[in-house]
Structure formats: C-alpha cells, structure tokens
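# Descriptive analysis of the structure
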Amino acid sequence: MILLLQYTLIFAAVLLLVALGGCFSEHSGVINIGLEGIMVIGALGGALVMRFMPYDNATATFATRFGMFGMVALASVAAGVLFSLLLAVACINFKADQTIVGTAMNLLGTAAATVIVKSMNTAANPDDHSSEIMYFDQKKAFISNIGSFELNWFLVLAAILLVVSIILLYKTRFGLRLRACGEHPQAADSVGINVFRMRYAGVLISGLLGGLGGITYITVGVSLWKFENGVAGFGFLSLAVMIFGAWDPIKIGGAALLFGLFRALGNVHAGIPFLANLELPSAIYNMLPYIVSLIVLAFTSKKSRAPKAEGIPYDKGQR
Amino acid sequence: MKQRTPLLKKAGFQTILSSLLCIILGLLIGYLALLIINAEGAFDAILGVLKNFFKYPTGAARLKYFGNTLVKTAPLLLCSLSILFAYKVGQFNIGAAGQYVIGAAAGLYCALMPGLPWYVCLLAAVAAGAISGAICGALRAYCNVNVVISGIMLNWISLYATNILLKPGMDPTGKDTFRLVKEHQSSILPTLGLDKLFSNNQYVTIAIPISILVAIAIWIILEKTKFGYELKATGNNLHAAKYCGMKENRNIILTLLIAGALAGLGAGLYYLSDFEQWNVNSSAVPAMGFNGIASAFLGGLSPIGAIFSSYFIQHITLGGGNVDLSHYCAQIADFISAVIIYLCGFVLFFKGFLNRVLDKREEKRIQREKAALAEATEEGGNK
C-alpha cells in the first residue's frame with residue numbers, strides 16, 4: 001500500500017508540474033500542445049548534469065546531494081525554457097498556428113533528444129547505439145527515507161511550486177495581467193499591458209515547469225529511460241488534468257492526484273492481492289489513465305472555463 | 001484586356017515555393033546537426049539520407065528498394081490525407097496515429113484468426129478506423145472535448161488494445177505477429193502483376209494505386225462537391241453553418257469518421273501487404289500517423305501535394321538508415337521531418353510577407369509610370 005501511495009504521489013507531482021505549466025501558458029492566451037516535447041528536453045538537460053557532474057554515492061553528504069539536486073533542477077529548467085522559446089517566437093511574433101507548432105515541438109523534442117543521446121553514446125563507444133543515459137547512483141541522491149516511504153525531493157519541490165503558482169496567479173499584479181491577456185488581450189492592451197511580453201512570460205513559465213516535470217518523470221517514474229520513447233503521452237495527460245482542474249491550480253492539484261493514482265496502478269497492481277487475483281493483462285492497467293481521462297473530459301468539457309482568447313494570435317489591429 | 005497575375009502571386013506557386021523552402025531549410029538544419037556530431041562524415045551522411053535507394057549500384061536493386069519506399073509511402077499518404085481532410089474541415093486529427101493502429105489491429109485480426117480474404121480484412125481495417133474517428137467526433141460534437149486531447153488519449157488506448165487483441169496471433173519464435181505468407185496467403189493484397197515492375201518485389205501490391213486514387217477522390221470531394229463545401233463551411237464557422245441550416249454536429253462526426261476511415265485504410269494496406277508485422281509488446285505508437293502530419297502540411301494541405309510530400313518524407317526516413325552508424329543514428333531523418341513541420345508553421349507568415357513585398361513593388365511601379373506619364377504630357381503641353 002505504501003508503494004501505491006509513493007507512486008501515486010510521484011506521478012501526481014509530474015502531472016501537477018506540467019499541468020501548472022500548461023495553466024500559465026493558457027492563462028496568457030497560448031495553447032501549449034508542445035508540453036510533451038518540453039518535458040523530454042527538460043529531462044535531457046537534467047539527465048546530462050546527473051551523468052557528467054562528479055558524484056559518488058558513498059561519500060556524499062547532504063550538502064553535496066542538495067547541490068546536485070539544485071544543479072539538475074536548474075539544468076532542466078534552463079533546457080525547458082530554451083525549448084519553449086521555439087513556441088513563443090513562432091506563435092507570438094510570427095502568429096503561427098499553435099497546434100502545428102506544438103505538434104512539431106513534440107516530434108522535435110523526442111527526435112532531437114534521441115539524436116543527441118545516441119550520438120553521445122556512440123562517440124564514447126562505437127558499438128553503443130542505445131538512447132539511455134546512465135544515472136543509477138545519482139538518482140538515489142534525491143531520496144530521503146521516512147520509514148519505508150521514499151520521499152523524493154522533487155515531490156517537495158512540486159508542492160512548493162503549487163503554492164507559489166496559486167499566489168502568483170491570484171495574489172499578484174503579474175497574475176492579474178497574465179490572466180487578462182488570456183481573456184481579452186485587446187482590453188489588456190488598451191490599459192497599457194504589453195500583451196506580447198505577458199504571453200512570453202506565460203510560455204516561458206510553462207517551459208520552466210514542463211522541464212521540471214520531465215526530469216521528475218525520468219528520475220522517479222521509470223527505472224531507466226530510453227529517450228526514443230518520449231514521455232508516453234504524459235504531456236497530454238497533463239493537459240487533461242489541467243482541463244479537469246478547470247485552469248485553477250488548487251483543483252489541478254486534486255485532479256493530478258486522481259490521475260496519478262490510476263497511473264500508479266499500472267506499476268504496482270501485481271503487488272495488490274485483490275487486483276492480482278483478477279489476472280487482467282497488464283496492458284489494461286496501462287490503458288487505465290487514458291480511459292479515465294477520456295471519460296472525465298467527456299463530463300467536464302461541456303461547461304468549459306477555458307481562457308476566452310486562448311489559441312488566437314494577438315493582432316493589434318483587430319477589434 | 002485580361003490581367004495576368006504574375007507567377008509569384010499565384011497561390012499554388014506560393015505554396016510550392018514555401019514547401020521547397022521548408023525542405024531546404026530543414027535539410028540545412030539537419031546537416032548542421034550532423035556537422036556538430038561529427039564534421040568529417042556529415043556530407044556523406046546527408047547525401048545518404050537524400051539518396052535512399054540510389055545507393056545501390058545495379059538498376060534491379062534500385063528498382064526493388066524504390067518499390068519498398070513506395071510500399072511505405074502508401075500508408076503515409078493515407079495518414080496525411082486523413083489529417084489534411086480533417087484540417088481543411090477545421091479539426092486537427094492527431095488521432096490519426098491511433099486510428100491507424102486500431103485499423104492495423106482489425107485488419108491483422110481478421111487475417112490471422114479466422115483467415116478471412118483480403119478484401120474483408122481491408123474493410124474491417126477501414127471500419128475500425130472509422131469507428132475510432134467517429135468516437136473522437138462524437139466527443140467533440142456532444143461533449144465539447146478538445147479533438148487533439150481525445151485523439152492522443154485514443155492513440156494510447158488503441159495501442160494497448162491492439163497489443164491485447166493480437167497477442168494470440170503472435171509467432172512464438174519472436175515478438176511479432178505471424179507472417180501472413182506463412183499463415184494465410186489469401187489475406188495478402190493481390191499484386192496484379194505490379195511486383196514484376198519492381199524486380200519481383202512481392203510487397204508492391206494494389207495498395208499503391210489505391211492510395212493515389214483515394215487522394216484524387218478526396219481532392220474531388222473537397223473541391224468539387226456540395227458535401228465537401230458543407231464540411232468546410234462547418235469548419236470555418238460552426239455558428240454560421242448552423243444558421244444556414246447545416247447539421248453541424250453531424251458534419252463534425254462525419255469529418256472525423258472519414259478521416260478515421262482513411263487512416264484505417266492506410267494501416268490495412270500496409271499490414272496486409274505483409275511488409276511488416278505487429279510487435280505485440282509495442283510501447284510506442286507507430287510514427288506513421290505523426291509523420292502524416294508532416295507530409296500533410298508539407299504538401300500545402302492539398303491531396304495532390306500530399307502524394308509528393310508523402311513520398312519525400314518516406315524517402316528521407318528510409319534514407320536515414322543509410323547514415324554511417326558508427327557516428328550517427330537513423331533518427332536524424334525524424335529530426336529533419338520534425339524541423340520541417342515546425343517551419344511549416346511559418347508558411348502563412350511567409351506568404352503574407354511575400355504578398356506585401358510584391359504589392360509594394362507593384363505600387364511603386366504604378367507610381368513611377370504615372371509620374372513618367374505626367375512628365376510626358378507636361379512636356380507635350382510646353383511645346
């Protein structure tokens with residue numbers, strides 16, 4: 001049962017981080033379909049730091065572990081933000097179709113990460129064509145044991161960022177302006193808010209959170225990650241979480257827990273006697289989060305609380 | 001006097017121009033990536049990607065591998081038709097990948113389990129894709145679910161469902177389903193002698209002419225029929241279409257149903273030619289549906305353009321296998337096609353920019369002519 005809780009929380013943290021990213025982007029008026037690609041690139045940034053930063057599990061103190069955690073998180077954030085610039089430039093400056101660019105980013109993220117990792121592995125050893133990065137020891141650095149419960153530090157980070165997001169969106173001038181740009185950019189512009197700058201902020205914050213979500217996913221969600229596989233639709237699951245959470249960080253937190261539970265069942269169902277007795281093929285459990293999200297969306301999308309102007313490029317000349 | 005529009009201002013020409021620009025820039029960026037990885041062999045590598053089957057010395061081998069490229073082009077063309085058809089009608093059918101998967105499941109299931117003849121299997125694939133598309137459409141029409149998100153969810157559901165469904169058809173010696181040649185000859189698509197044209201390449205079947213005929217049919221439906229016009233009107237403005245008395249919900253569902261059927265047909269044509277088998281432990285959705293997005297946009301969203309762009313994408317994807325694996329990886333081709341899709345996002349901007357420049361030039365020319373004319377008359381008056 002503790003294992004189930006552990007996996008639920010960790011998948012929920014990934015979904016929460018990425019869904020919050022989507023939330024910021026959409027509140028500024030840009031639909032970010034490219035979250036999946038951002039996650040992959042963010043994960044790559046963090047994984048590279050884990051791989052190449054000198055670290056020894058045996059001699060590590062709390063300070064060195066924490067230093068490494070900081071560096072990994074920073075690298076993921078930087079990679080995610082840089083990659084999200086692709087979306088910002090195309091959709092804000094050049095008014096490109098947000099769906100096409102987002103889709104391209106998803107494909108680009110996985111393809112670019114695979115090319116980078118494979119060429120790195122092959123350069124080190126010509127016979128190595130795998131798309132994995134070795135970081136077995138390093139990823140243990142981010143875990144504190146509380147009894148038999150493994151508390152991952154990224155979990156704590158996700159919780160902190162949830163609180164920060166709530167405050168930023170609803171208690172600051174910046175949040176109000178950001179949301180105004182997603183609801184009615186023309187009105188926002190008329191009172192002196194720079195819509196382009198606000199939208200850039202929204203997209204880049206989504207890059208930041210998406211990148212963190214990516215590194216959280218690969219360090220804890222899976223044992224060893226092949227970059228070829230991308231992040232298995234987690235970016236899109238997060239968008240479903242965001243819609244179910246009605247673009248509101250608190251509700252998104254709840255939705256992430258629910259989806260995290262269904263995703264966790266796929267990992268631990270064999271260990272739960274009641275479920276193991278049913279002898280269902282494991283593919284059923286793999287399907288579960290997607291089926292649940294489809295059903296949930298069917299019931300919640302009717303009265304959508306989406307930002308009004310999302311998906312529409314801002315044109316100053318338009319009324 | 002009839003005014004002739006200059007070549008540069010013609011919409012069709014602009015589309016071709018911008019697609020070529022996307023390809024050239026995409027290849028250039030791919031080349032840069034290769035240069036960064038290893039400068040020495042980069043030129044050979046990009047040449048290998050572009051050459052594909054031309055690397056073989058004999059004509060017969062070239063023909064054979066040209067045939068293979070065509071075999072893989074047919075499903076890609078249908079996926080890209082699925083996407084462009086839906087896109088023209090205002091829906092982004094990213095679920096084509098899943099409709100393709102479920103089409104493969106239905107087609108192979110009918111071929112492997114009861115061993116039905118090929119036309120029944122093909123129909124089953126089409127029907128499965130159509131149902132999957134219709135679910136997506138119904139969710140959009142009645143529950144307002146975003147098509148992109150429901151499409152992605154259905155992609156993953158279809159993938160796992162296919163794995164479960166085809167598990168009994170697995171060849172115990174490997175991870176894939178049985179080869180149809182071994183099990184059920186009658187489920188394989190007929191070649192009608194086409195294989196003879198490609199140095200006896202047994203995989204070249206009627207799939208290739210069928211896919212081209214379907215492309216032409218889609219063009220006719222979209223451009224020449226009232227039905228296509230109604231669908232496009234619904235996509236452009238849902239409320240206006242409703243006001244005009246069109247059944248907007250029915251049109252959305254029909255659009256995605258047809259799009260799904262196209263993707264399902266693509267899968268049927270591919271897997272029933274026995275070129276590839278289904279891996280029942282697949283953990284990723286096949287790239288065919290996603291590459292369809294690339295070729296749909298690269299083809300300027302025209303069914304006829306899609307024929308050429310699908311071939312090009314498949315040509316470089318297979319060419320990706322030619323790179324020197326001790327330095328590079330085959331995914332460089334995926335990277336190039338992803339860059340090309342990204343650049344396609346800028347096409348609208350590029351066209352607008354081109355038109356602005358041309359208009360300005362035109363204006364200047366007219367002004368100059370006017371000034372010259374005014375000068376001439378003035379001189380005449382002075383005499």
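Keep in mind it's a predicted model, so treat the numbers as computed, not measured.

## As for the interface of chain A and chain B
How large an interface is tends to be reported as the accessible area lost when its parts come together. Taken together, the contact pairs 46 residues of chain A with 39 residues of chain B. The junction of chain A with chain B conceals about 3700 Å² of combined surface from both sides, 81% of it contributed by carbon and sulfur atoms. Scanning the region where chain A abuts chain B turns up zero salt bridges. The interface formed by chain A and chain B holds four residue pairs in polar contact (both at pLDDT 80 or more) in total. Within the residue set of the side of chain A that touches chain B, elements represented by two or more residues are helix H3 (62-93), helix H4 (98-124), helix H10 (234-244) and helix H13 (282-300) of chain A. Per-element tally for the side of chain A that touches chain B: the top contributor is H4 of chain A, with 14 residues. For the side of chain A that touches chain B, the residue count by class is 30 nonpolar, twelve polar and four charged.

## Comments concerning the side chain of Asn32 of chain A
Residues and elements named next belong to chain A. One can find Asn32 in the loop between helix H1 (2-27) and helix H2 (35-52). By relative accessible area, which is 0% here, Asn32 ends up buried. Polar side-chain contacts of Asn32 include one of 2.8 Å to the side chain of Ser206. Contact partners of Asn32, with chain neighbours within four places excluded, come to Ser25, Glu26, Ile38, Leu87, Ser206 and Leu239.

## Comments concerning the nonpolar core
With 215 residues, the main nonpolar core has Tyr217 and Phe227 of chain A as its most contacted residues. The biggest single contributor to this core is H1 of chain A, with 14 residues.

## Here's the deal with helix H4 (residues 96-112) of chain B
Every α-helix carries 3.6 residues per turn, so stepping three or four residues along brings you back to the same face. An ideal rise of 1.5 Å per residue puts 24 Å on 17 residues; H4 of chain B measures up with 24 Å between its terminal C-alpha atoms. Judged by how many residues are buried, H4 of chain B sits mostly within the fold: 16 of 17 residues are covered.

## Details of the packing of H2 of chain A against H10 of chain A
All names here are of chain A. Relative orientation of the contacting elements H2 and H10 amounts to 125°, with a least axis distance of 7 Å. Taken together, H2 and H10 sit at an angle that is classed as oblique. In this structure, H2 meets H10 at a crossing whose hand is right-handed. Contacts from Leu35, Glu36 and Met39 of H2 reach H10 at Phe234, Gly235, Phe236 and Leu239. Tallied by class, the residues present in the contact of H2 with H10 amount to five nonpolar, one polar and one charged.

## Quick look at the pairing of strand S2 (residues 149-152) of chain A
All names here are of chain A. In terms of strand pairing, strand S1 (residues 143-146) meets S2 through four bridges, oriented antiparallel. Residue pairing in the sheet places Asn145 in a bridge with Glu150 of S2. Between S1 and S2, which pair antiparallel and follow one another directly, the connecting turn spans two residues, one of which, Gly147, has a positive phi of 60°.

## Some words on empty space enclosed by the protein
Residue and element names in this part refer to chain A. This structure, assessed with the given rule, holds one cavity of 30 Å³ or more. Considered as a void within the structure, the largest cavity measures approximately 40 Å³ in volume. In this structure, the largest cavity is lined by Val30, Cys91, Ile92, Gln98, Phe196, Arg199, Pro313 and Tyr314. Counting only elements with at least two residues in the lining of the largest cavity, the list comes to H3 and helix H9 (195-221). Its residues assigned to classes, the lining of the largest cavity comprises six nonpolar, one polar and one charged.

## Re the environment of Thr234 of chain B
Residues and elements named next belong to chain B. For Thr234, the location among the structural elements is in helix H10 (residues 226-236). Judged by relative accessible area, which is 6%, Thr234 ranks as buried. Excluding its chain neighbours within four sequence positions, the residues that come into contact with Thr234 are Ala241, Met246, Glu248 and Asn251.

## Comments concerning the confidence of the model for chain B
Residues and elements named next belong to chain B. With 97% of its residues at a pLDDT of at least 70, chain B reaches an overall mean of 87. Averaged pLDDT values for the elements of chain B fall to 70 in helix H7 (residues 180-183) and rise to 94 in helix H5 (residues 118-143). On the interface metric, ipTM, the complex scores 0.87, and its pTM is 0.87.

## Some details on a positive patch on the surface
A surface patch of positive charge is lined by Arg356, Lys360, Lys364 and Arg368 of chain B. Here Lys360 of chain B lies in helix H16 (residues 347-382).

## Quick notes on the packing of aromatic side chains
This structure, assessed with the given rule, holds 30 aromatic pairs over all chains. Pairing Phe11 of chain A with Phe234 of chain A gives two aromatic rings, centres 5.8 Å apart and planes at 40°, and the pair type is tilted. Taken as a pair, Phe11 of chain A in helix H1 and Phe234 of chain A in helix H10 lie far apart in primary sequence, 223 residues in all. A relative accessible area of 0% means that Phe11 of chain A is categorised as buried. Ring pairing ties together the aromatic residues Tyr100, Tyr203, Tyr270, Tyr271, Phe275 and Trp278 of chain B, which thus form one cluster. Taking NZ or CZ as reference, Arg51 of chain A lies 4.9 Å from the ring centre of Phe52 of chain A, over its face. The ring of Phe11 of chain A carries Arg263 of chain A above its face, with NZ or CZ at 4.5 Å from the centroid.

Parameters at a glance
- Residues numbered from 1 in each chain as written.
- Chains lettered and ligands numbered in written order.
- Predicted model: local features only at pLDDT ≥ 70, side-chain atom pairs only at ≥ 80, totals over all residues.
- Heavy atoms only, no water.
- Contact = heavy atoms within 4.5 Å.
- Buried area = accessible area lost by both parts, 1.4 Å probe.
- Salt bridge = Lys/Arg side-chain N within 4 Å of Asp/Glu carboxyl O.
- Polar contact = N/O pair within 3.5 Å; in protein donor to acceptor, adjacent residues only side chain to side chain.
- Helix = DSSP H or I, 4+ residues; strand = E, 2+ residues; numbered from the N terminus.
- Nonpolar A, V, L, I, M, F, W, Y, C, P; charged D, E, K, R; others polar.
- Buried < 20%, exposed > 50% of the residue type's maximum accessible area, 1.4 Å probe, protein only.
- Core = buried A, V, L, I, M, F, W, Y, C linked by side-chain atoms within 4.5 Å.
- Expected span 1.5 Å × (residues − 1).
- Axes fitted to C-alpha atoms, helices over the stretch in contact; angles between N-to-C directions.
- Parallel < 35°, antiparallel > 145°, perpendicular 65-115°, else oblique.
- Left-handed = near helix turned anticlockwise from the far one by under 90°.
- Pairing = 2+ DSSP bridges.
- 1 Å grid on protein atoms, 1.4 Å probe; cavity = no way out; pocket = protein on both sides within 12 Å on 5 of 7 lines; lining within 4 Å.
- Points joined across faces, edges and corners; volume = space filled by probe spheres on them.
- pLDDT = per-residue confidence, 0-100.
- Patch = residues over 30% accessible without salt bridge, like charges linked within 9 Å, V, L, I, M, F, W, Y side chains within 5 Å.
- Areas by Shrake-Rupley, 256 points an atom, 1.4 Å probe, with all protein chains shown as cover.
- Lys, Arg positive; Asp, Glu negative; His and termini not counted.
- Charge placed at Lys NZ, Arg CZ, Asp CG, Glu CD.
- Phe/Tyr/Trp six-rings, centres within 6.5 Å; stacked < 30°, edge-to-face > 60°.
- Lys NZ or Arg CZ within 6 Å of the ring centre and 35° of its normal.

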